[in-house]
Amino acid sequence: MTKSPHKLHPPAPTNENTIPPTQSNPTPTKTIKRNPTPTATPPQTGTTPDHDITITYSETSRRPIGNNMTKVIVSIHLQYGSGDSVTINYNKFILSIQAPRNEIIQQKAAKAHPLEADSVTVNNGNKDADFQLTDRFATTYTTSTGLYHFTNYYLVVLP
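Each chain carries its own residue numbering, running from 1 in the written order of its sequence. Given that this is a predicted model, residues contribute local features only at a pLDDT of at least 70 and side-chain atom pairs are listed and counted only at 80 or more, while totals for whole chains, interfaces and linings are drawn from all residues. As a rule here, side-chain values come from all non-hydrogen atoms in the structure, and water together with hydrogens is ignored.

(A) Expanded view of unusual backbone geometry. Positive phi, normally seen in glycine, also occurs at Asn68, with a value near 65 degrees. Under the scheme used here, helices are H or I runs from DSSP no shorter than 4 residues and strands are E runs no shorter than 2 residues, and both carry numbers assigned from the N terminus. Within the element layout of this structure, Asn68 appears in the loop between strand E2 (51-65) and strand E3 (69-83).

Set out below in structure tokens:
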């Protein structure tokens, strides 16, 4: 038996496992369960909030405005479960704006506060509340690796 002068080489690596940067901006729909747990040190008032609410949100509209600004309207649905009556000021609903750090990882670029100034209350007599909030924020952000267009956002509800 003679040996072939040709060596077998493993196949060249491909980029099959590389995830390309996302170009689309999906509409977020998220549910936030808000049920605070008691802390070891009670709040200054001497009471611990006891309530169970579910917050669901979705994007109603998005459009560019002016130079390097984006306007987003988010529809929010609060559903009361049980416990104490809950009043939440609109300024507690914050959008956490995300921009790419690299091809795969997102980073927080900014936060946007709603333009509306009001509050909403849910309780046994008013178990559901629906409202819309308008946010404006920069469309592009400068990071250590360059200038990037915002990719997405998520809603944060402050305590």
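Once the structure has been displayed, the description carries forward.
(B) Inspection of the packing of aromatic side chains at higher detail. Between 30 and 60 degrees the pair is tilted, below 30 it is stacked and above 60 it is edge-to-face, where a pair is any two Phe, Tyr or Trp rings, Trp via its six-membered ring, whose centres lie within 6.5 Å. The final tally for this structure, using the stated rule, is 3 aromatic pairs. For the pair Phe93 and Phe131, a centre-to-centre distance of 5.5 Å together with 70 degrees between the ring planes defines the contact as edge-to-face. Residue Phe93 is found in strand E5 (residues 93-100), and its partner Phe131 is found in strand E8 (residues 128-138); the two are separated by 38 residues along the sequence. For the residue pair Phe93 and Phe131, the accessibility class agrees, reading buried in each case. Relative to Phe150, the ring of Phe137 lies with its centre 4.9 Å away and its plane at 90 degrees, an arrangement referred to as edge-to-face. Residue Phe137 is found in strand E8, and its partner Phe150 is found in the loop between strand E10 (146-149) and strand E11 (152-157); the two are separated by 13 residues along the sequence. Among the residues examined, Phe137 registers a relative accessible area of 4% and is labelled buried. Throughout, exposure labels follow a simple rule: accessible area from a 1.4 Å probe, protein chains only, divided by the maximum for the residue type, with under 20% read as buried, over 50% as exposed, and the rest as partly exposed. The buried category is assigned to Phe150, whose relative accessible area is 2%. Taken together, the ring pairs in this structure connect Tyr90, Phe93 and Phe131 into an aromatic cluster.

(C) A look at the nonpolar core. The biggest cluster of nonpolar side chains holds 27 residues, and the ones touching the most others in it are Ile76, Leu78 and Phe93. Elements represented by at least two residues in this core include exactly E2, E3, strand E4 (86-89), E5, strand E7 (119-122), E8 and E11. Working rule for contacts: check all heavy atoms of both residues, and any pair within 4.5 Å makes them a contact. Every residue in contact with Ile76, bar those within four places of it in the chain, is listed here: Ile55, Thr56, Tyr57, Phe93, Ala129, Asp130, Phe131, Leu133 and Leu155. Within this scheme, the nonpolar core is defined by two criteria: the residues are buried Ala, Val, Leu, Ile, Met, Phe, Trp, Tyr or Cys, and they are joined through side-chain atoms within 4.5 Å.

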